[in-house]
Amino acid sequence: MIPGLASALDYGSVAVFALTGALVASRSQLDIVGFVFIACLTAVGGGTLRDVILDRPPLWIADPVLLAVAAGAAILVFFTAHLLESRYRTLEWLDACALAVAVPAGVAAAVEAGQSGPVVLVMGMITGCMGGLLRDVVCNEVPLVLKQGELYVTCAFAGALAAVLGGWAGVPQGAALILCSLVTLILRTGSLTLGWRLPVYRPRPPQQPKR
Amino acid sequence: MIPGLASALDYGSVAVFALTGALVASRSQLDIVGFVFIACLTAVGGGTLRDVILDRPPLWIADPVLLAVAAGAAILVFFTAHLLESRYRTLEWLDACALAVAVPAGVAAAVEAGQSGPVVLVMGMITGCMGGLLRDVVCNEVPLVLKQGELYVTCAFAGALAAVLGGWAGVPQGAALILCSLVTLILRTGSLTLGWRLPVYRPRPPQQPKR
Amino acid sequence: MIPGLASALDYGSVAVFALTGALVASRSQLDIVGFVFIACLTAVGGGTLRDVILDRPPLWIADPVLLAVAAGAAILVFFTAHLLESRYRTLEWLDACALAVAVPAGVAAAVEAGQSGPVVLVMGMITGCMGGLLRDVVCNEVPLVLKQGELYVTCAFAGALAAVLGGWAGVPQGAALILCSLVTLILRTGSLTLGWRLPVYRPRPPQQPKR
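Below is a summary of the structure that appears in this document.

Rules used in this analysis
Throughout this description, residue numbers start from 1 for each chain and increase along the sequence as written. The order in which chains are written sets their letters, starting at A; the order in which ligands are written sets their numbers, starting at 1. Residue-level local features of this predicted model are given only where pLDDT is at least 70; pairs of side-chain atoms are given and counted only at 80 or more, and the full residue set underlies all totals for whole chains, interfaces and linings. Water and hydrogen atoms were dropped before computing side-chain values, which therefore reflect all heavy atoms in the structure. The definition used for a disulfide is geometric: two cysteine sulfur atoms within 2.5 Å. When accessible area is computed with a 1.4 Å probe and restricted to protein chains, residues below 20% of their type maximum are described as buried, those above 50% as exposed, and intermediate ones as partly exposed. Working rule for contacts: check all heavy atoms of both residues, and any pair within 4.5 Å makes them a contact. For this analysis, a salt bridge means a side-chain nitrogen from Lys or Arg found within 4 Å of a carboxyl oxygen belonging to Asp or Glu. Secondary structure elements follow DSSP: runs of H or I of four or more residues count as helices, runs of E of two or more count as strands, with numbering from the N terminus. Asp, Glu, Lys and Arg are counted as charged, while Ala, Val, Leu, Ile, Met, Phe, Trp, Tyr, Cys and Pro are counted as nonpolar; the rest, among them Gly, fall into the polar class. Only residues whose relative accessible area exceeds 30% and that form no salt bridge enter a patch; like-charged residues are grouped when within 9 Å of one another, and nonpolar side chains (Val, Leu, Ile, Met, Phe, Trp, Tyr) when within 5 Å. All accessible areas in this document rest on Shrake-Rupley with a 1.4 Å probe, and a residue is counted as covered only by the protein chains that are shown. Here the copies were fitted onto each other by least squares, based on C-alpha atoms from residues at pLDDT of at least 70 in both. Using only the protein atoms, space was sampled on a 1 Å grid; points where a 1.4 Å probe fits but cannot get out form cavities, open sets with protein on both sides within 12 Å along at least five of seven lines form pockets, and lining residues are those with an atom within 4 Å of a point. Grid points are joined across faces, edges and corners, and a volume is the space filled by probe spheres set on the points. Multiply 1.5 Å by the residue count of a helix minus one, and that product is the helix's expected span. Buried area is calculated as the accessible area (1.4 Å probe) missing from two parts once they are joined, with the contributions of both summed. For this analysis, a polar contact is any N or O atom pair within 3.5 Å, provided that within protein one partner can donate a hydrogen and the other can accept it, and provided that sequence-adjacent residues contribute only side-chain to side-chain pairs. Whenever a helix is involved, its axis is fitted only over the stretch in contact; in every case the axis is a line through C-alpha atoms, and angles between N-to-C directions fall within 0 to 180 degrees. Crossing handedness is read from the near helix: turned anticlockwise from the far helix by less than a right angle, it gives a left-handed crossing, and turned clockwise, a right-handed one.

Another point: the state of the cysteines. This model, assessed by the stated rule, comprises 0 disulfides over all chains. Note on C:C40: no disulfide assigned, nearest cysteine sulfur contributed by B:C129 at a separation of 12 Å. A residue is classified by how much of its surface remains accessible, and C:C40, at 16% relative accessible area, is buried. We note that C:C139 lacks a disulfide partner, and the nearest cysteine sulfur, in C:C40, lies 13 Å from it.

Next comes the structure, spelled out in structure tokens:
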């Protein structure tokens, strides 16, 4: 276990997820405190759930500087988002980067807590996906998690699985976490740029209306 | 306290709630990983909240096999849901069955944790209702919990109340849990088939528009 | 630390938030059990999250009478809401009062738990805002937290900040909590009656459509 690695990953994931939260806040035209609120919710939501489930103090209680990082990111977006060509496109790419840092952050935290493989896998997915899901549910956007024809949960699953399998195969932890991050990012990038997807469920024709 | 009873109820509730989660995922036309994600969220959501509040490890950390059960149910639905006559009707009935297992599961867990009557009551309701509520909020369906003119929370309340009163009256725990399950199921069945309902709130005419 | 003060604030916040929850339930035309359910969710939602994060038993487990208070408030609203001139206007004002009690309740609980300034600040905001946010997300209303051109999170933030700064300046705790409550209420009242607001984010013209 490399000392400080789990904590460094938490920092990266908080900063980038906060940017995505602030971008969603900009789409809802909130004021600056609203930006900070949504940014913090997104940035620490997944990690807080992870830590509550692991029965340890949430990351931002253990280190309140994380809240300042998230707030700083939100303020940056408030004053610069109008410079972006497409806020939605930026949001998607930042979210992909955040996912690729948050999944290994969750994996590292669960390994540090001495959890078994399946729990490590789920903790990677929770840390990666839940902050963004909270953000989208609260702001009434279609959750990225649920967008048809895109890989999202799949990327988190594959990344976390790579880390778990790597750990079982004796790969050093740092390398396993880099592998986790790369698998997540490459799959998500492939989905965003090349349209990689899994087959989706299709009902029988004539399509049944959603009642 | 019958050994293993609380755990057996958790298994049943996870399996059936996972089926309902996967059916909702089919209505959103997700891919197979999306099915598994929504199924797991639905299946362990209520129990996780219950366990976090009771300050014990969530059911799926104590026994990760539950996650495999939920995933298996999701995969089954992915490949067979197109055979169903009406996915929505199936969803309603499976959800009724899941409720009738999850409420006693919550009651049993709270009794095991030595909680008082009112807390046992609420834990039965949380375990029964929260998984489905999470499922519906995330997938942007009208929560079954809130559907006008149907008994839902009422069934969970009455079932959990029956178990608590039974426990106070000295009924053996196994019998109290069966009573709990039957009360829940009968009320919900009556609501779905015979239209049993409580009077709903009606504003004064002319009806005030929802602003 | 004045004994019983944190607990008294919890009582007040639970009672008033329960009224707001029941009013939202009336807008969804639920039955009486639905009123009690939404009222309890709103009333103890923020405090439960606070207590779970602080790793202590949720307020309503420590004192189940709180549930009876919330249920009583819900039943009161069920039978009297039709007498109101405007349920929405009443909801806004009750919510403002609830916020002005819940923020100091959160601050008091975090101080009692020996937390640092930034954590006390966030706990005030969580206890103040999360119950109402849960209520609005579950009932599919536009969250008050997110309404454009209104101060809401800002009021909770300013109130909690006033309490923290007061504490650092050596103000006695009772006075700091009254200050917290007053700052929250005055800002919210100013926003509701005089239109006080912070500038909101505006994208460049031509306005980009929300995709």
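Moving on, we get to the interface of chain B and chain A. Of the residues lining the interface, 32 residues belong to chain B; the matching set on chain A comes to 33 residues. Counting every contact that joins chain B to chain A gives 0 salt bridges. For the side of chain B that touches chain A, the secondary-structure elements that each account for two or more residues are α1 (5–27), α2 (32–53), α3 (59–62), α4 (65–80), α5 (87–112) and α6 (117–138) of chain B. For the side of chain B that touches chain A, the element with the highest residue contribution is α2(B), accounting for 8 residues. Its residues assigned to classes, the side of chain B that touches chain A comprises 20 nonpolar, 6 polar and 6 charged.

So, about a nonpolar patch on the surface. Among the surface-exposed residues, A:I178, A:L182, A:I186, A:L194 and A:W196 lie close enough to one another that they form a single nonpolar patch of about 520 Å² accessible area. Mapped onto the elements, A:I178 comes out in helix α8 (residues 173–194).

Next up on the list: the environment of B:G170. Inspection of the secondary structure assignment puts B:G170 in the loop between α7 (153–168) and α8 (173–194). Sequence spacing of B:G170 and B:A113 is 57 residues, and the spatial spacing of their C-alpha atoms is 18 Å.

Residue and element names in this part refer to chain B. Mapped onto the elements, A160 comes out in helix α7. With relative accessibility at 0%, the residue A160 sits in the buried group. Not counting the four nearest positions on each side in its chain, A160 is found in contact with V103, V107, L121, G124 and C180.

This part is about the relation of the copies chain A and chain C. Once chain A is rotated about the relating axis by 120° and shifted along it by 0.0 Å, it coincides with chain C to within an RMSD of 0.0 Å. Expressed as an axis order, the relation between the two copies is that of a three-fold axis. Take the interface residues of chain A: only 9% of them recur as interface residues in chain C, which is what a contact between different surfaces looks like.

This next bit is on the layout of surface pockets. Considering only enclosed or pocket space, the second largest pocket measures out at about 720 Å³ in volume. Residue lining of the second largest pocket: 37 residues in total, with A:V137, A:N140, B:V137, B:N140 and C:N140 positioned closest to the centre. Elements that contribute at least two residues to the lining of the second largest pocket include exactly α6 (117–138) of chain A, α6 of chain B together with α6 (117–138) of chain C. Residue classes in the lining of the second largest pocket are distributed as 18 nonpolar, 9 polar and 10 charged.

Here the focus is the side chain of A:E92. Residue and element names in this part refer to chain A. Secondary-structure assignment places E92 in helix α5 (residues 87–112). Classification of E92 as buried rests on a relative accessible area of 4%. Excluding residues that lie within four positions of it along the chain, E92 makes contacts with K147, E150 and L192.

What follows covers helix α7 (residues 153–168) of chain A. When the terminal C-alpha atoms of α7(A) are compared, their 22 Å separation across 16 residues agrees well with the 22 Å that a helix rising 1.5 Å per residue should span. Those residues of α7(A) that are buried are in contact with α5, α6 and α8 of chain A together with α2 of chain B. Looking at the residues trailing α7(A), positive phi occurs at A:G170, about 90°.

Okay, the interface of chain A and chain C next. Listed as interface residues are 32 residues of chain A and, on the opposing side, 32 residues of chain C. Together, the buried faces of chain A and chain C total about 2800 Å²; carbon and sulfur atoms form 63% of this surface. Connecting chain A to chain C are 3 residue pairs in polar contact (both at pLDDT 80 or more). Secondary-structure elements contributing two or more residues to the side of chain A that touches chain C are α1 (5–27), α2 (32–53), α3 (59–62), α4 (65–80), α5 and α6 of chain A. Per element, the largest residue contribution to the side of chain A that touches chain C is 8 residues, and it comes from α2(A).

Below, the discussion takes up the packing of α1(B) against α4(B). Packed helices, taken two at a time, are described by their axes: the angle between them and the distance between them. All names here are of chain B. Packing of α1 against α4 brings their axes to within 8 Å, and their N-to-C directions diverge by 35°. In the packing of α1 onto α4, the handedness of the crossing is right-handed. In contact with D10, Y11, V14, A15, A18, L19, A22 and L23 of α1, α4 contributes V65, L66, V69, A70, A73, A74, L76 and V77. For the contact of α1 with α4, a count of residues per class yields 15 nonpolar, no polar and 1 charged.

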